[in-house]
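Spelled out, the chains give:
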Amino acid sequence: MTPLEEQMKDVASARKLALSNAADSIPSLASSLNNLGIMLSGLGRRAEALQPTQEAVTLYQQLAADNPAYLPNLAMSLNNLGAMLSGLGRRAEALQPTQEAVTLYQQLAADNPAYLNDLASSLNNLGIRLSELDRRGEALEPAQEAVVFRRQLAADNPAYLPDLAMSLNNLGNRLSDLDRQAEA
């Protein structure tokens, strides 16, 4: 059985449990759907990846409404949804979930610095989404914020240096988009 077939089987099993009104199976279904979306997208099957990712977002929204412990899962799924919509050329639609992911990660990072890297990733994505919509001036600020957070993380742990390099590259692209070549 391929990894994709195994993931589809996991989704089917979790869905069966959820349909039997086993409320504690909803988190498992949401996770399985999110993983399926990631796997399909990674295989270049972006259109197919969208439905399970959207369903995962919906489930995590319901779960987080009752239990804030699911906010990180919701933020991650929203980030994934924004990337998938963008990958399908649906850039205007991609902006909202990406902005929502940033907002959630800002709240999470304010309470727990362990979410700073996730926040930086979401800020990078927001800068990219805004740039894709020709909102280049607005795209600069999230790219700059991502670099600030990644510098903090890399100063404490060199394992974050590749992430810092990526954020610096994205910032250079945003500056270049604004014809600020010398700064880029």
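First things first, this report covers the structure right here in the doc. (Residues numbered from 1 in each chain as written. Predicted model: local features only at pLDDT ≥ 70, side-chain atom pairs only at ≥ 80, totals over all residues. Heavy atoms only, no water.)

## Brief notes about the nonpolar core
Applied cut-off: Among the buried residues, those of types Ala, Val, Leu, Ile, Met, Phe, Trp, Tyr and Cys that are joined through side-chain atoms within 4.5 Å form a nonpolar core. Using a 1.4 Å probe on the protein chains alone, a residue whose accessible area is under 20% of its type maximum counts as buried, one over 50% counts as exposed, and one in between counts as partly exposed. Only DSSP runs of H or I reaching four residues or more are called helices, and only runs of E reaching two or more are called strands; each is numbered from the N terminus.
Within the largest apolar cluster, 38 residues are counted, with the highest numbers of intra-cluster contacts made by Leu74, Leu78, Leu116, Leu119, Leu123 and Phe149. Those elements giving two or more residues to this core turn out to be helix H2 (26–42), helix H3 (46–66), helix H4 (71–87), helix H5 (91–111), helix H6 (116–132) and helix H7 (136–156). Grouped together as the second largest cluster of nonpolar side chains are seven residues, Val147, Ala154, Leu164 and Leu171 included.

## Some words on the pattern of salt bridges
Operational definition: Put simply, a salt bridge is a Lys or Arg side-chain nitrogen that is within 4 Å of an Asp or Glu carboxyl oxygen.
Counting across every chain of the model gives eight salt bridges. Arg174 is the partner of Asp177 in a salt bridge, and the nearest nitrogen-oxygen pair spans 3.3 Å. A residue pair is termed a helical-turn pair when its members lie 3 or 4 positions apart in one helix, as Asp177 and Arg174 do in helix H8 (residues 161–177) at three residues. Under the relative-accessibility criterion, Arg174 is labelled buried at 9%. Arg180 is paired through a salt bridge with Glu183; the nearest N and O atoms lie 2.7 Å apart. Members of the salt-bridge network, linked through shared partners, are Arg91, Arg129 and Glu132.

## Looking at the packing of H2 against H3
What counts, and what does not: In this description, a line fitted to the C-alpha atoms serves as the axis of each element, helices being fitted only across the stretch in contact, and the angle between N-to-C directions of two axes falls anywhere from 0 to 180 degrees. An angle below 35 degrees is read as roughly parallel, one above 145 as roughly antiparallel, one from 65 to 115 as roughly perpendicular, and any other as oblique. Handedness of a crossing is defined here by the sense of rotation of the near helix relative to the far one, left-handed for an anticlockwise turn of less than a right angle and right-handed for a clockwise turn. Note on contacts: a residue pair qualifies if any of its non-hydrogen atoms lie within 4.5 Å across the two residues.
Between H2 and H3, the least distance of the axes is 8 Å, while the angle of their chain directions is 155°. Judged on the interaxial angle alone, H3 and H2 are roughly antiparallel. Two packed elements cross with a definite hand, and for H2 against H3 that hand is left-handed. Between H2 and H3, the contacting residues are Ile26, Pro27, Leu29, Ala30, Ser31, Leu33, Asn34, Leu36, Gly37, Leu40 and Ser41 on the first element and Arg46, Glu48, Ala49, Pro52, Thr53, Glu55, Ala56, Leu59, Tyr60 and Leu63 on the second.

## Digging into H5
Operational definition: To estimate how far a helix should extend, the number of its residues minus one is multiplied by 1.5 Å.
The terminal C-alpha atoms of H5 lie 31 Å apart, and with 21 residues this matches the ideal 30 Å at 1.5 Å per residue to within 8%. Along H5, the residues that are buried comprise Ala94, Leu95, Pro97, Thr98, Ala101, Val102, Leu104, Tyr105, Leu108 and Ala109. On its buried face, H5 is in contact with H4 and H6.

## Some details on H7
Turn by turn, an α-helix covers 3.6 residues, leaving residues three or four places apart pointing in a common direction. The end-to-end C-alpha distance of H7, which contains 21 residues, comes to 31 Å, matching closely the 30 Å that a straight helix rising 1.5 Å per residue would cover. Considered for burial, the residues of H7 that qualify are Ala139, Leu140, Pro142, Ala143, Ala146, Val147, Phe149, Arg150, Leu153 and Ala154. Contacts made by the buried residues of H7 are with H6 and H8.

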